[in-house]
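# Fold and contact review
Letter by letter, the chains look like this.
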Amino acid sequence: MIKLTKIAFGGGCHWCTEAVFQTLKGVDKVEQGYVASIGENQTFSEAVIVHYHKEIALKTLIEIHLYTHKSTSNHSMRDKYRSAIYTFSEEQAKVSRAVIVNLQKDFDEQIITKVIPFKSFKPSREAIQNYYQKNPERPFCKTFINPKLKLLLEQFSKHINSEKLNHFI
């Protein structure tokens, strides 16, 4: 039996984040919903929980997350779309912080993504879960999700499960 590990990511719309991680090799499940942390980050914000195994490294998941949302933009909607890596262990937090530090040189602006502990999760209603898989032709998907998937194909193609991306390719 394959041992799964989980980590949560928030950044932009959870439909986009869900679609990005659903296409990856080594990701078995993506739960779309709302995640809360502690302290000033205790309000719920759109996010996903990614269940993955050793076929994909945590470092790669974090890199993909930083490149597929506005990880340097401190815009006015950050309460709803918190740029975050929600960790389930101190080891994940340590790796996450190190990846951000190492990748900062590749970004013109400061990465604002927070590394914070996962506290709680509320799933999205069923009707909007797996949004891209159910609605690839919708204008939202074409406008916002397809560019993220194109970036994945260009920069992270070896990590893509093409069977999960057939309608896009």
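Right above here is the structure, for reference.
Just so we're clear, the structure is a prediction, and the values are computed from it rather than from any experiment.

## As for the packing of aromatic side chains
- One pass over the full model with this rule turns up 8 aromatic pairs.
- Seen in terms of ring centroids, tyrosine 67 and phenylalanine 156 are 6.1 Å apart; in terms of plane orientation they differ by 55 degrees. Their pairing is tilted. Pair noted here: tyrosine 67 is in helix 2 (residues 58–67) and phenylalanine 156 is in the segment after helix 5 (139–155), with a separation of 89 residues, a long-range link.
- Taking relative accessible area as the criterion, tyrosine 67 reaches 24% and is therefore assigned partly exposed.
- Given the relative accessible area of 6%, phenylalanine 156 is considered buried.

## Side note on the nonpolar core
- Counting 39 residues, the largest nonpolar core has Phe9, Phe21, Leu24, Tyr52, Leu61, Ile145 and Leu152 as the members making the most contacts within it.
- At the level of secondary structure, the elements contributing two or more residues to this core comprise strand 1 (5–10), helix 1 (14–22), strand 2 (27–36), strand 3 (45–52), helix 2, helix 3 (90–103), helix 4 (131–134) and helix 5.
- Excluding its chain neighbours within four sequence positions, the residues that come into contact with leucine 61 are Phe9, Phe21, Leu24, Val27, Tyr52 and Ile56.
- By size, the runner-up hydrophobic cluster in this structure holds 7 residues, among which are Ala47, Ile49, Ala84 and Ile116.

Rules of the game
Residues numbered from 1 in each chain as written. Predicted model: local features only at pLDDT ≥ 70, side-chain atom pairs only at ≥ 80, totals over all residues. Heavy atoms only, no water. Phe/Tyr/Trp six-rings, centres within 6.5 Å; stacked < 30°, edge-to-face > 60°. Helix = DSSP H or I, 4+ residues; strand = E, 2+ residues; numbered from the N terminus. Buried < 20%, exposed > 50% of the residue type's maximum accessible area, 1.4 Å probe, protein only. Core = buried A, V, L, I, M, F, W, Y, C linked by side-chain atoms within 4.5 Å. Contact = heavy atoms within 4.5 Å.

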